[in-house]
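Read off the chains here:
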Amino acid sequence: MLVLLSSYGLWASSVSADRDLLELAPQLLQYGLLLGLLLAAVGGLLLLWRALLKPRDLDNRRYGLARVLLKRLHVDLAPDAPVRLKLDLRQPDVREKRVKQDMVGWWNTQFFVDPWFTLEARLADGTFLRIHMMEKLQKRYRYKTSASGKMKKKTKTKGFARLEVSLRVKPLRHPGLGALKARATNATRLPRRIELERVRVAADRLSLRVRLAGDWVAQAQKAPDDPETPSFWKEALEKDDASHTATMMLLSLYQVVHYARLRGKREAVRARRQSV
């Protein structure tokens, strides 16, 4: 548009300035029109390219969490044991992950469920480990009339993440495990602000499930001790650490597994003594 206006201004000024320029003005106007169309086409192609690349804009937290957990578990894995890792790196609000659309108050709301992370492996002591993470997201919008009478669209999003760590063991080596739910609850240690949602204990397995904020990080960095560090930076470093939370959940579960295993050994020794 700017090119067209400039060409038209040049043409208009040429009417009173010079007869030769008047003859060139239509040609300049034509060139300006062609240049404007070319720029519009380039802009359209760039917008299309951006839309095509958006699905490839991966969330760094997702493959970052997988990398950190695999690195930490490497020394505890059984030799030559296969590791199953499932990652869904797509955005959490893609159409395939939408489960419902409904009204919440005055808001049109879309509900998304995204079970994007599963890690399964057998540890060196024979215990089978499973780490699973899913996210729930709500996207809301509504139209509101402003004081000036204009219709405006308001949007907001909210969500959270669920992290579950479970262990499957051999019941013969862990007798009485199914009765240790209270001990498992008391033994659970979590980072600050992490909410414990569920504890499950059975004869051959046990699990913990917690809730994290939607802005969790794969691995929190240490905040600098400099008192001049901006407060917003320190707040960003205090986000829920998913890898640290998973590690603490695993250690909490292993306390119960270790207790059940030791108790089983003591009972076996007592039974042998009584049989003598």
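Figured I'd write up the structure that's included with this text.

**Remarks on the packing of aromatic side chains**
(1) Moving on: Tallied over the entire structure, the rule returns 3 aromatic pairs.
(2) Moving on: Judged by centre distance (6.2 Å) and plane angle (85°), the rings of Y141 and Y143 are edge-to-face.
(3) Moving on: Accessibility expressed as a relative area gives 25% for Y141, which makes it partly exposed.
(4) Moving on: Among the aromatic side chains, those forming a connected cluster through ring pairs are W116, F117 and W216.
(5) Moving on: Stacked on the ring of W216, the Lys or Arg R61 has its end atom at 4.2 Å from the ring centre.

**Points about the environment of D215**
(1) Moving on: With respect to the secondary-structure elements, D215 resides in the loop between β7 (205-213) and α5 (231-237).
(2) Moving on: Owing to a relative accessible area of 39%, D215 belongs among the partly exposed residues under this scheme.
(3) Moving on: Once the C-alpha coordinates of D215 and D240 are considered, the two residues, 25 residues apart in sequence, prove to be 7.4 Å apart.

**Some thoughts on the nonpolar core**
(1) Moving on: Counting 37 residues, the largest nonpolar core has I131 and M133 as its most contacted members.
(2) Moving on: For this core, the leading source of residues is helix α6 (residues 242-275), giving 8 residues.

**Details of the pairing of strand β6 (residues 195-201)**
(1) Moving on: Of the pairings in the sheet, the one linking β6 to β7 comprises 6 bridges and is antiparallel in character. Residue L196 lies in a different strand from β7, and its bridge partner there is V210.
(2) Moving on: Between the antiparallel neighbours β6 and β7 lie 3 residues.

**A few points about a positive patch on the surface**
(1) Moving on: There is a patch of like positive charges on the surface, built from K136, K144, K154, K156, K158 and R211.
(2) Moving on: At the level of secondary structure, the elements contributing two or more residues to the positive patch comprise β4 (128-145) and β5 (151-168).
(3) Moving on: Residue contributions to the positive patch peak at 3 residues, all from β5.
(4) Moving on: Note on placement: K154 falls in strand β5.

**A closer look at the environment of A220**
(1) Moving on: Tracing the backbone through its elements, the reader meets A220 in the loop between β7 and α5.
(2) Moving on: Remark: the alpha-carbon pair of A220 and H244, spanning 24 residues in sequence, is separated by 8.4 Å.

**Some thoughts on the packing of helix α3 (residues 60-73) against α6**
(1) Moving on: Where α3 contacts α6, the two axes come as close as 9 Å, and the packing angle between them is 35°. Judged by the sense of rotation from one axis to the other, the crossing of α3 with α6 is right-handed. On the side of α3, the interface is formed by L65, V68, L69, R72 and L73, while α6 contributes A242, S243, H244, A246, T247 and L250.
(2) Moving on: Tallied by class, the residues present in the contact of α3 with α6 amount to 7 nonpolar, 3 polar and 1 charged.

**Quick word on unusual backbone geometry**
(1) Moving on: If you check the backbone angles, D80 has positive phi at about 60° while not being a glycine.
(2) Moving on: Along the chain, D80 falls in the loop between α3 and β1 (83-87).
(3) Moving on: A positive phi angle is found at R193, which is not glycine, with a value near 80°.
(4) Moving on: Structurally, R193 is set in the loop between α4 (181-187) and β6.

**Thoughts on α3**
(1) Moving on: When the terminal C-alpha atoms of α3 are compared, their 20 Å separation across 14 residues agrees well with the 20 Å that a helix rising 1.5 Å per residue should span.
(2) Moving on: Where α3 is buried, its residues meet β1, β3 (107-122), β4 and α6.

**Points about the pairing of β4**
(1) Moving on: As judged from the 13 bridges shared by β3 and β4, these two strands associate in the antiparallel manner. Bridged to T118 within β4 is H132.
(2) Moving on: Hairpin connection, β3 to β4: the antiparallel pair is bridged by 5 residues, and G126 has positive phi, about 95°.
(3) Moving on: Taking the residues between adjacent antiparallel strands as the criterion, β4 and β5 are bridged by 5 residues, where G149 takes a positive phi near 90°.

Calculation criteria
Residues numbered from 1 in each chain as written. Predicted model: local features only at pLDDT ≥ 70, side-chain atom pairs only at ≥ 80, totals over all residues. Heavy atoms only, no water. Phe/Tyr/Trp six-rings, centres within 6.5 Å; stacked < 30°, edge-to-face > 60°. Buried < 20%, exposed > 50% of the residue type's maximum accessible area, 1.4 Å probe, protein only. Lys NZ or Arg CZ within 6 Å of the ring centre and 35° of its normal. Helix = DSSP H or I, 4+ residues; strand = E, 2+ residues; numbered from the N terminus. Core = buried A, V, L, I, M, F, W, Y, C linked by side-chain atoms within 4.5 Å. Pairing = 2+ DSSP bridges. Patch = residues over 30% accessible without salt bridge, like charges linked within 9 Å, V, L, I, M, F, W, Y side chains within 5 Å. Areas by Shrake-Rupley, 256 points an atom, 1.4 Å probe, with all protein chains shown as cover. Salt bridge = Lys/Arg side-chain N within 4 Å of Asp/Glu carboxyl O. Lys, Arg positive; Asp, Glu negative; His and termini not counted. Charge placed at Lys NZ, Arg CZ, Asp CG, Glu CD. Axes fitted to C-alpha atoms, helices over the stretch in contact; angles between N-to-C directions. Left-handed = near helix turned anticlockwise from the far one by under 90°. Contact = heavy atoms within 4.5 Å. Nonpolar A, V, L, I, M, F, W, Y, C, P; charged D, E, K, R; others polar. Expected span 1.5 Å × (residues − 1).

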